[in-house]
Amino acid sequence: MYQAIRPYQPHLCDVLEGDMRSGKFPQAVLFGGPRYSLKMTTALETVRILSCQKEGADDCQCPSCRASRLLEDNNLLVLSQRDQASILRTSVGVYRRLRTLTSREQLVRATRIALLYYHGALLKTAASSQKAAFAAAGALNDLLLTLRNADEDDEKGALKFEKEYLDALKKLELVERKDTTLSIDQVRAIDDWTHQTTVGGKRQFVILEGVEEANVSARNSLLKILEEPPKDVYFILISTHPERLLATILSRVRKYRFSPLEGDSVKRLLASSYPDKPYTSFEEFFLAGSGSDSTALKDWAGRLAMVSLQGGSLESGEVAQLAGECTSQSALEFFLQSLLEIFERDFLDGRIPLAKARRLSSLVSSLESAAVLYNQDRRLLIQNLCLKLWEEGKV
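So, how was this worked out
Residues numbered from 1 in each chain as written. Predicted model: local features only at pLDDT ≥ 70, side-chain atom pairs only at ≥ 80, totals over all residues. Heavy atoms only, no water. Helix = DSSP H or I, 4+ residues; strand = E, 2+ residues; numbered from the N terminus. Expected span 1.5 Å × (residues − 1). Buried < 20%, exposed > 50% of the residue type's maximum accessible area, 1.4 Å probe, protein only. Salt bridge = Lys/Arg side-chain N within 4 Å of Asp/Glu carboxyl O. Phe/Tyr/Trp six-rings, centres within 6.5 Å; stacked < 30°, edge-to-face > 60°. Axes fitted to C-alpha atoms, helices over the stretch in contact; angles between N-to-C directions. Left-handed = near helix turned anticlockwise from the far one by under 90°. Contact = heavy atoms within 4.5 Å. Nonpolar A, V, L, I, M, F, W, Y, C, P; charged D, E, K, R; others polar. Parallel < 35°, antiparallel > 145°, perpendicular 65-115°, else oblique. 1 Å grid on protein atoms, 1.4 Å probe; cavity = no way out; pocket = protein on both sides within 12 Å on 5 of 7 lines; lining within 4 Å. Points joined across faces, edges and corners; volume = space filled by probe spheres on them.

### Focus: helix 2 (residues 39-51)
Along its 13 residues, helix 2 runs 18 Å from first to last C-alpha, staying within 8% of the 18 Å computed at 1.5 Å per residue. Counting buried residues in helix 2 gives twelve out of 13 residues, a clear majority hidden from the surface. Of the residues making up helix 2, those classed as buried are Lys-39, Met-40, Thr-42, Ala-43, Leu-44, Glu-45, Thr-46, Val-47, Arg-48, Ile-49, Leu-50 and Ser-51.

### Quick look at the pattern of salt bridges
Counted by the stated rule, this structure contains 21 salt bridges. For Glu-17, the salt bridge identified is with Arg-21, shortest N-O distance 2.8 Å. Taken together, the positions of Glu-17 and Arg-21, both in helix 1 (residues 10-21) and four residues apart, correspond to about one turn of that helix. On the basis of relative accessible area, Glu-17 is assigned to the buried category, the value being 17%. Here Arg-21 falls in the exposed class, since its relative accessible area comes to 56%. Note that Arg-351 and Asp-349 form a salt bridge whose closest N and O atoms lie 3.1 Å from each other. Residue Arg-351 is classed as exposed on the basis of its relative accessible area of 52%. What emerges from the salt-bridge pattern is a single network uniting Arg-6, Asp-14, Glu-17 and Arg-21.

### Concerning the packing of aromatic side chains
Tallied over the entire structure, the rule returns eleven aromatic pairs. Both rings, one in Phe-161 and one in Tyr-165, keep their centres 5.9 Å apart while their planes meet at 40°; by these two values the pair is tilted. Taken together, the positions of Phe-161 and Tyr-165, both in helix 8 (residues 155-175) and four residues apart, correspond to about one turn of that helix. We note that Phe-161, like Tyr-165, is buried. Here the aromatic cluster, defined as three or more aromatic residues joined through ring pairs, consists of Phe-25, Phe-31, Tyr-256 and Phe-258.

### Topic: the packing of helix 14 (residues 294-309) against helix 15 (residues 316-325)
Helices that pack against each other are described as a pair by the angle of their axes relative to one another and the distance between those axes. Between helix 14 and helix 15, the least distance of the axes is 10 Å, while the angle of their chain directions is 145°. As helix 14 runs across helix 15, the sense of the crossing is left-handed. Contacts between helix 14 and helix 15 involve Ala-296, Leu-297, Trp-300 and Arg-303 from the first element and Glu-318, Gln-321, Leu-322 and Glu-325 from the second. Of the residues belonging to the contact of helix 14 with helix 15, the class tally is four nonpolar, one polar and three charged.

### Examining the packing of helix 4 (residues 85-98) against helix 8
Running from N to C, helix 4 and helix 8 point in directions that differ by 170°, and their axes come no closer than 9 Å. By the criterion of interaxial angle, the relationship of helix 4 to helix 8 is roughly antiparallel. Between helix 4, through Ala-85, Leu-88, Arg-89, Val-92, Gly-93, Tyr-95 and Arg-96, and helix 8, the contact on the second element is made entirely by Ala-158, Leu-159, Phe-161, Glu-162, Tyr-165, Leu-166, Leu-169, Lys-170 and Glu-173. For the contact of helix 4 with helix 8, the residue count by class is ten nonpolar, one polar and five charged.

### Things to note about empty space enclosed by the protein
Over the atoms, a rolled probe matching the size of one water molecule traces out where space is still vacant. Summed over the entire model, instances satisfying the criterion amount to three cavities of 30 Å³ or more. If you go around the largest cavity, the residues you meet are Leu-44, Val-47, Ala-67, Ser-68, Leu-71, Glu-72, Asp-73, Asn-75 and Leu-76. For the lining of the largest cavity, the secondary-structure elements that each account for two or more residues are helix 2 and helix 3 (63-69). The class makeup of the residues in the lining of the largest cavity is five nonpolar, two polar and two charged. Quantified by volume, the second largest cavity comes out at close to 50 Å³. If you go around the second largest cavity, the residues you meet are Arg-35, Tyr-36, Ser-86, Glu-283, Phe-286, Leu-287, Ser-330 and Phe-334. Those elements that place two or more of their residues in the lining of the second largest cavity are helix 13 (282-289) and helix 16 (329-348). Here the element with the most residues in the lining of the second largest cavity is helix 13; it accounts for three residues. Its residues assigned to classes, the lining of the second largest cavity shows four nonpolar, two polar and two charged.

### Brief notes about the layout of surface pockets
Volume-wise, the second largest pocket comes out at about 350 Å³. Lining the second largest pocket are 14 residues, with Asn-74, Leu-115, Leu-116, Tyr-118 and Asn-141 sitting closest to its centre. Those elements that place two or more of their residues in the lining of the second largest pocket are helix 5 (101-115) and helix 7 (131-148). Among the elements that make up the lining of the second largest pocket, the one with the highest residue count is helix 7 (four residues).

Have a look at this one:
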């Protein structure tokens, strides 16, 4: 079990396999740890093993395992709050460049993870303004069917597919009004879905990523479900900041901690995609694949930190340039994380006192959380950040 994940998270895989073989794997678990530490990959593999009609072997080819690998079974619902745009654009670019079975399957899998946000169980609670997004998501999913029959060696066909895929993705992005946090309507829809009778009595699975950002009503509603999950329904919560979860939710789940992936682990995992240059992190890889420049974002973080610590502020033209670099939620998060790392390093090197480092870190983190919670415009967030840092520089 977990053979593909074991080289990167060996201890965790031992614990998970032990819980699986004991027959006592809990119905509610929490996968916590840094971004890009294989939490979602492990969650999906856990779903495959628990759905398996045999014993969950890594090479099992039972109908359930084949469907699970390409996310073709309707027994899974995934609500992910991450920005999927960078991952999808990178995945289609890798497929167009390599045109291999592996790159094709990776693209299909990445796309279906994103599209499970538009699961039919959530359609009835969606606002009328969101119905167009469900239709656009369906069109993107239909496009994947043409990929199955594509010629792996046909460069022209791969280029044509990439264009059609990106066009369909843009249409989805134009109409989607995706909640940036888990809503109470979504929790109620999940509750209704998990109480439905499934064909053949199959197990059902709900993966919730970023649930720590949910509002109070949604969290309380989720807590009620986790207190007594329906029979044969499994909940996997994924969190980068599990410490932000309600203590009552934490008490209802079994916790599994993921270690960060760095250095050789990142290189090995990216080897199948043959990146043009070595990347030190998955963030840099996906940003490059979607057209963002991680080096430029780091430079802007350094520029803003230096100016603000000197009591100054960026010029209006610089603020506009910075906002222009943050072309996606992933780019914005990478920039903010780089800024936090600079403040931490400045403190460790003795350039700023502990109290100031804490205020700066709290300021950046609170603005990021507010932006996610209220779906704030990225340009407005950058302007607000620059203003707050300038005010802090005067203290």
